[in-house]
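Chain by chain, the residues run as shown.
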Amino acid sequence: MANQTEATEKMRAYLVDWLAELHYKFKMWPETLYVTVGIMDRFLAKDTTIRKAELQGLGVTALHIAGKYEEIYPPELKTLLKVTDDALTKKDVVEMEFRILQTLQFSVTFPSIHRFMERFGRLAQMNEK
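Model, not experiment: these values are computed from the prediction. (Residues numbered from 1 in each chain as written. Predicted model: local features only at pLDDT ≥ 70, side-chain atom pairs only at ≥ 80, totals over all residues. Heavy atoms only, no water.)

**Here we look at the pattern of salt bridges**
Definition in use: Salt bridges are defined as contacts in which a side-chain nitrogen from Lys or Arg sits within 4 Å of a carboxyl oxygen from Asp or Glu. In DSSP terms, a helix is any run of H or I states spanning at least four residues, a strand is any run of E spanning at least two, and both are numbered starting from the N terminus. Only protein chains enter the area calculation, which uses a 1.4 Å probe; residues under 20% of their type maximum are buried, those over 50% are exposed, and those in between are partly exposed.
One pass over the structure, following the stated rule, counts 7 salt bridges. Two residues, Arg99 and Asp47, come together in a salt bridge whose shortest N-O distance is 3.1 Å. Within this pair, whereas Arg99 is found in helix α5 (residues 90-103), its partner Asp47 is found in the loop between α2 (30-46) and α3 (55-70), the two being separated by 52 residues in sequence. Arg99 sits in the partly exposed class, given a relative accessible area of 23%. Close ionic contact of Arg99 with Glu54 constitutes a salt bridge, the shortest N to O distance being 3.1 Å. Here Glu54 lies in the loop between α2 and α3 and Arg99 lies in helix α5, a separation of 45 residues in the sequence. Its relative accessible area of 16% is what places Glu54 among the buried residues.

**Points about the layout of surface pockets**
Counted only if it meets this: Definitions used for this entry: grid spacing 1 Å over protein atoms alone; cavity, a set of points where a 1.4 Å probe fits but cannot get out; pocket, an open set with protein on both sides within 12 Å along at least 5 of 7 lines; lining residue, one with an atom within 4 Å of a point. Grid points are joined across faces, edges and corners, and a volume is the space filled by probe spheres set on the points. Three residue categories are used. Nonpolar comprises Ala, Val, Leu, Ile, Met, Phe, Trp, Tyr, Cys and Pro, charged comprises Asp, Glu, Lys and Arg, and polar comprises the others, including Gly.
Estimated volume of the largest pocket: approximately 150 Å³. For the largest pocket, the full set of lining residues is Arg51, Ala53, Glu54, Gly57, Thr61, Leu88, Asp92, Val93, Glu95, Met96 and Arg99. Listed by contribution, the elements that provide at least two residues to the lining of the largest pocket are α3 and α5. Here the lining of the largest pocket is built from residues that sort into 4 nonpolar, 2 polar and 5 charged.

**Some words on the packing of α2 against α5**
Filter applied, for reference: Whenever a helix is involved, its axis is fitted only over the stretch in contact; in every case the axis is a line through C-alpha atoms, and angles between N-to-C directions fall within 0 to 180 degrees. An angle below 35 degrees is read as roughly parallel, one above 145 as roughly antiparallel, one from 65 to 115 as roughly perpendicular, and any other as oblique. Whether two residues touch is decided by their heavy atoms; if any such pair falls within 4.5 Å, the residues are in contact.
In contact at an axis separation of 10 Å, α2 and α5 are set at 75° when each is read in the N-to-C sense. Viewed along their axes, α2 and α5 adopt a mutual orientation that is roughly perpendicular. Together, Ile39, Phe43 and Lys46 of α2 and Arg99, Ile100 and Thr103 of α5 make up the contact between the two elements. Of the residues contributing to the contact of α2 with α5, the split by class is 3 nonpolar, 1 polar and 2 charged.

**Focus on the side chain of Thr84**
With respect to the secondary-structure elements, Thr84 resides in the loop between α4 (77-83) and α5. Taking relative accessible area as the criterion, Thr84 reaches 5% and is therefore assigned buried. Residues in contact with Thr84, not counting those within four places in the same chain, are Trp18, Gln56 and Val60.

**Some details on the confidence of the model for the protein**
Detailed reading of the predicted coordinates is not advisable wherever pLDDT is low. Counted only if it meets this: Each residue gets a pLDDT score, which is the predictor's confidence in that residue and runs from 0 to 100.
Model confidence for the protein is summarised by a mean pLDDT of 90, while 98% of its residues fall at 70 or above. Mean pLDDT per element in the protein: helix α6 (residues 113-128) is the minimum at 80, and α5 is the maximum at 95.

**What about a nonpolar patch on the surface?**
Applicable threshold: Residues enter a patch when their relative accessible area is above 30% and they make no salt bridge; the linking distance is 9 Å between like charges and 5 Å between nonpolar side chains (Val, Leu, Ile, Met, Phe, Trp, Tyr). Accessible surface is estimated by sampling points in the Shrake-Rupley manner with a 1.4 Å probe; for residues, cover comes only from the protein chains shown.
A cluster of nonpolar residues, Tyr34, Ile113, Phe116, Met117 and Phe120, forms a patch on the protein surface that exposes about 560 Å² of accessible area. Per-element accounting of the nonpolar patch gives the leading share, 4 residues, to α6. Here Phe120 lies in helix α6.

Set out below in structure tokens:
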């Protein structure tokens, strides 16, 4: 976040909190939230031109991408757009999706703490037996 011109760490924190609420509201898998934040953070690290007004679009689009990747039945785009009180359009999300995927070179997966904790939990259970 240090290389960002307009977006601050505090704005990112508010956005992640809001995304966590959406994640809970839509009953998504835990990994989806990790992937959402990972997509957002990696994008912010590479693209320093994100404007303050684009942050909500970045968050919703990252959640949309992660949902399509992780969920069996992800929330529909029109449902996600309703949550923003029509601050975004389908065109805005599609354009941001293209921008994110191009910047990340379509690499949306990465090792997350969630997978390590799942594995650690299984190993701990095996050692108790």
